[in-house]
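Read off the chains here:
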Amino acid sequence: MARLRDTTCGCDWDLAQTWQTIAPYTIEEAYEVSDAIEQGNAKDVRDELGDLLLQVIFQSRIAEENGLFSLDDVATAIADKMEHRHPHIFGDALEKPDWETMKAFERQKDDRQMGALSGVALGLPALIRAEKLQKRAARVGFDWPDATGPRAKIDEEMGEIAAAAPSEIDEEMGDLLFSVVNWARHLNIDPEQALRRANAKFERRFAAMEAIAGDGFAALDLADKEALWTDAKKSDG
């Protein structure tokens, strides 16, 4: 990476990159690692992990050039954090520390993270961030006692969407999605994974419909497509 970023003999594209321009690629590579794991292909997981590692190296190199920190500093910081979070393994503690208490202590040490909801990354997918915000609120007692509350909230939000003016529907739809995440959380369902599985199922069944219909799929009327969808569902199990 130092060679690629060399101002005299490096790559023009690599030289032009900054933290900000590289960040989207870092997120993309993390998702590709997750996708390779779900596909169960070890070679792809290896390759995608390499791509993700490159992002860490790239970001660290940019930082080093600006006198901020190096790749060694990154590795040292995470090693120190792991030792701190596992004193019963790396230190003299006799009992495993409470994870949530330790995380709260770490947030208190960070001047930027004062509130219970502070530090939940804005760049997270909306479903994941909603769940994390809800879990943070639950830690300080702001939560439904069981799944009945968020389930009723979904009905309430549906009613608000039905009564909303066109300019308000976007906001009300967001409230509905937030409530669905809350309900999933109370049912111990990971909403992000649940939606990923639903996406995969839809893709699989839609592809089956196309395979049955061939080139004429797009020209079929909706009733014929619904019939194909029913067949695809039956064959999919």
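Source: prediction; values computed, not measured.

Considering all chains together, one arrives at 13 salt bridges under this definition. For K135, the salt bridge is made with E131, and the minimal N-O distance between the two is 3.7 Å. Linking K135 with E131, this pair stays in helix 7 (residues 126-139), spanning four residues, or about one helical turn. Classification of E131 by relative accessible area gives buried; the value is 12%.

Before going further, it helps to spend a moment on the environment of L52. As for its placement among the helices and strands, L52 is situated in helix 3 (residues 42-65). Taking the C-alpha atoms as reference, L52 lies 9.5 Å from Y31; in sequence the two are 21 residues apart. Here L52 is in contact with T26, E29, A30 and V33, once residues within four sequence places are set aside.

Side chains of W19, L53, V56, L68, F69, L71 and V74 sit close together on the surface and give an oily, nonpolar patch of about 560 Å² of accessible area. When residues of the nonpolar patch are traced back to their parent elements, those giving at least two are helix 3 and helix 4 (71-85). With respect to the secondary-structure elements, L68 resides in the loop between helix 3 and helix 4.

Criteria and cut-off values
Residues numbered from 1 in each chain as written. Predicted model: local features only at pLDDT ≥ 70, side-chain atom pairs only at ≥ 80, totals over all residues. Heavy atoms only, no water. Salt bridge = Lys/Arg side-chain N within 4 Å of Asp/Glu carboxyl O. Helix = DSSP H or I, 4+ residues; strand = E, 2+ residues; numbered from the N terminus. Buried < 20%, exposed > 50% of the residue type's maximum accessible area, 1.4 Å probe, protein only. Contact = heavy atoms within 4.5 Å. Patch = residues over 30% accessible without salt bridge, like charges linked within 9 Å, V, L, I, M, F, W, Y side chains within 5 Å. Areas by Shrake-Rupley, 256 points an atom, 1.4 Å probe, with all protein chains shown as cover.

Function-wise, these values are silent; they only describe arrangement.
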